[in-house]
Amino acid sequence: MEDLKVAVGSDHGGFRYKEQIIEYLKSRNIPYFDVGTHTPEACDYPIIARKVAELVISGQANRGILVCGTGIGMSIAANKVKGIRAALCGDTYSARVSRAHNNSNILCLGERVIGEHLALDIVDIWLKTGFEGGRHKRRVDLIE
Ligand code: RB5
C-alpha cells in the first residue's frame, strides 16, 4: 500500500459510517484528518466536501473519503473542485476499478444505501488499490 494520508468527512447522514471508517484507519495506523461533522446534528454536506477536497488538492492528504445519506451530494460537490476525481461506489468492483482506471482520489459512500460491512470492504479495497497508469493515464489526463 502507498503511504496514505486520508481526509475523512461526512454530514449527519453519513456520521455513523464516518466514525466507523476512522476506527478502521486507526486500527491500521493510517494517518487521517477528520474534518467533521462531529455530531449527528444536521449540517450542510457541500462545506464538508470542500474541506476534504482542499486537503487532497493541497497535498496534505493523498486520498479523501466522504459519506452522506446517498453519497450523491458529496460526489457532486467534491467533483466541482479542479483535480478531484470523486467516485461514488456501492460495490467493491467499482471501488477497485475507480482506483485502477480512473485514479479516483475521493471515495463517496451512501450510509442510507449500503450496509456497514460492505461500506468498510469498499473502503479497504479502495485504499489498497493503485492506479494502473498506461492507457488509463491518457484518459485521466484528458479529463484534467
Ligand atoms: C441529508 O438529509 C441528505 O440529503 C444528505 O446526506 C445526502 O444524501 C445528500 O446527497
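Because the structure is a prediction, the values reported are computed rather than measured. (Residues numbered from 1 in each chain as written. Predicted model: local features only at pLDDT ≥ 70, side-chain atom pairs only at ≥ 80, totals over all residues. Heavy atoms only, no water.)

### Quick notes on the pairing of strand β1 (residues 6-10)
A large share of β1 lies buried, amounting to 5 of its 5 residues. Neither face of β1 is open: one carries Val6, Val8 and Ser10, the other Ala7 and Gly9, and all of them are buried. Across 3 bridges, β1 lies against strand β2 (residues 32-34) in parallel orientation. When the sheet's bridge partners are listed, alanine 7 is paired in β2 with phenylalanine 33. For β1 and strand β3 (residues 63-68), the ladder comprises 5 bridges, and the chain directions are parallel. Paired with alanine 7 across the two strands is glycine 64, which belongs to β3. (Buried < 20%, exposed > 50% of the residue type's maximum accessible area, 1.4 Å probe, protein only. Helix = DSSP H or I, 4+ residues; strand = E, 2+ residues; numbered from the N terminus. Pairing = 2+ DSSP bridges.)

### Regarding the site of the ligand
In the neighbourhood of the ligand, the contacting residues comprise Asp11, His12, Tyr45, Cys68, Gly69, Thr70, Gly73 and Arg112. Contact between the ligand and aspartate 11: an oxygen atom at 2.6 Å from a side-chain N or O atom of the residue. At a separation of 3.0 Å, an oxygen atom of the ligand approaches a polar backbone atom of threonine 70. Considering only residue class, the shell around the ligand consists of 2 nonpolar, 4 polar and 2 charged. (Near = heavy atom within 4 Å. Polar contact = N/O pair within 3.5 Å; in protein donor to acceptor, adjacent residues only side chain to side chain. Nonpolar A, V, L, I, M, F, W, Y, C, P; charged D, E, K, R; others polar.)

### Some points on the packing of aromatic side chains
By the definition in use, this model includes 0 aromatic pairs. Just above the ring of tryptophan 126 sits the side chain of arginine 63; from NZ or CZ to the centre is 4.8 Å. (Phe/Tyr/Trp six-rings, centres within 6.5 Å; stacked < 30°, edge-to-face > 60°. Lys NZ or Arg CZ within 6 Å of the ring centre and 35° of its normal.)

### Examining helix α4 (residues 92-100)
Of the positions making up α4, those classed as buried are Ala95, Val97, Ser98, Arg99 and Ala100. Contacts from the buried residues of α4 go to β3, β4 (86-88), α5 (116-128) and α6 (135-143). For α4, the side-chain oxygen to backbone nitrogen distance between the N-cap and tyrosine 93 is 3.1 Å, and the N-cap itself is aspartate 91. (Contact = heavy atoms within 4.5 Å.)

### Some thoughts on a nonpolar patch on the surface
A contiguous nonpolar patch, built from Ile72, Ile76 and Leu88 and spanning about 260 Å² of accessible area, is present on the exposed surface. Take leucine 88: it is sitting in strand β4. (Patch = residues over 30% accessible without salt bridge, like charges linked within 9 Å, V, L, I, M, F, W, Y side chains within 5 Å. Areas by Shrake-Rupley, 256 points an atom, 1.4 Å probe, with all protein chains shown as cover. Salt bridge = Lys/Arg side-chain N within 4 Å of Asp/Glu carboxyl O.)

### Brief notes about the pairing of β3
For β3, the tally of buried residues reaches 6 of 6 residues, placing the bulk of the element in the interior. Of the two faces of β3, the one carrying Arg63, Ile65 and Val67 and the one carrying Gly64, Leu66 and Cys68 are both buried. Taken together, the 5 bridges between β3 and strand β5 (residues 106-110) define a ladder with parallel strand orientation. Among the inter-strand pairings, cysteine 68 is bridged to a residue of β5, identified as glycine 110.

### Some words on the confidence of the model for the protein chain
Of the residues in the protein chain, 99% have a pLDDT of 70 or more, and the chain-wide mean is 97. Ranking the elements of the protein chain by mean pLDDT puts α6 last with 96 and β5 first with 99. (pLDDT = per-residue confidence, 0-100.)

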